[in-house]
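Examination of the molecular architecture
Each chain, written out:
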Amino acid sequence: MADTLQRRMLSKEDEATTTGDEVEVRREDQDKINKFSRLHQREIAIEDELKLKHKEKEDLDDVSNELELADEDETIPYKIGDGFVSLPLEEIQEMLSTSTSKIEEEVAALEEKLEEIREEQTALKVDLYARFGKSINLET
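Residues numbered from 1 in each chain as written. Predicted model: local features only at pLDDT ≥ 70, side-chain atom pairs only at ≥ 80, totals over all residues. Heavy atoms only, no water.

This paragraph deals with the overall build of the protein chain. Looking only at helices and strands, the protein chain features four helices and two strands. Starting at the N terminus, the α and β elements of the protein chain follow one another as α-α-α-β-β-α. Here the protein chain holds 140 residues, and the buried ones make up 24% of them. Of the contacts made within the protein chain by residues no fewer than 6 positions apart, 67% connect residues no fewer than 24 positions apart. Summed over its atoms, the accessible surface of the protein chain is roughly 10100 Å², and 47% of this surface lies on carbon and sulfur atoms. (Helix = DSSP H or I, 4+ residues; strand = E, 2+ residues; numbered from the N terminus. Buried < 20%, exposed > 50% of the residue type's maximum accessible area, 1.4 Å probe, protein only. Contact = heavy atoms within 4.5 Å. Areas by Shrake-Rupley, 256 points an atom, 1.4 Å probe, with all protein chains shown as cover.)

We now examine the environment of Lys35. With respect to the helices, strands and loops of the structure, Lys35 is situated in helix α3 (residues 27–67). If near-sequence neighbours (up to four positions away) are discounted, Lys35 is found in contact with Glu120 and Leu124. A polar side-chain atom of Lys35 sits 2.7 Å from a polar atom in the side chain of Glu120. (Polar contact = N/O pair within 3.5 Å; in protein donor to acceptor, adjacent residues only side chain to side chain.)

Okay, the UniProt feature "coiled-coil region" (unreviewed entry) in the protein chain next. On the UniProt side, "coiled-coil region" (unreviewed entry) is annotated at positions that read residues 46–73 and 100–127 here. Between the end C-alpha atoms of residues 46–73 there is a gap of 41 Å, over a span that is 79% helix and 0% strand. (UniProt positions renumbered as here; feature names shortened; annotations may be inferred.)

Moving on, we come to the pattern of salt bridges. Scanning the entire structure with this criterion turns up 12 salt bridges. Two residues, Arg131 and Asp29, come together in a salt bridge whose shortest N-O distance is 2.6 Å. Placement of Arg131 in helix α4 (residues 89–132) and of Asp29 in helix α3 is noted, with a sequence separation of 102 residues between them. On the accessibility criterion, Arg131 (24% relative accessible area) is partly exposed. (Salt bridge = Lys/Arg side-chain N within 4 Å of Asp/Glu carboxyl O.)

As paired elements, strand β1 (residues 75–80) and strand β2 (residues 83–88) share six bridges and run antiparallel to each other. When the bridges of β2 are listed, Ile76 appears paired with Leu87. What sits between the antiparallel neighbours β1 and β2 is a turn of two residues, in which Gly81 has the positive phi angle 70°. (Pairing = 2+ DSSP bridges.)

Counted by the stated rule, this structure contains zero aromatic pairs. Here Arg131 stacks its cationic end above the ring of Phe132, 5.5 Å away from the centre of that ring. (Phe/Tyr/Trp six-rings, centres within 6.5 Å; stacked < 30°, edge-to-face > 60°. Lys NZ or Arg CZ within 6 Å of the ring centre and 35° of its normal.)

Here's what the structure looks like:
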């Protein structure tokens, strides 16, 4: 894929000649610029969501480690919604394991979406830089 990207990019000489001329922005170019902008905003939102999911998983791992020190006969308060319910240690460990695996699945899905967005952005960058050269800045 890198080879196809390189072939479509302007050489330094072509880029220098292009920047001297005004390039007309066509409707399809504006649509590509707008699409790139929307993708960039989605990328930022997904990155923020990923940070939150990683933090949540880290917190669940910390709780799981702390529960390894607890007595097996104890009931432990577990937060469900706004309230706490006292449950046996084994049941809480199962619930934490389920929550952790759910978060891992969500993280994997978000990372997959992020990769798709970045691939699409790269394709748009190639097209737009080929058309506008240095007169457009798509670096984020």
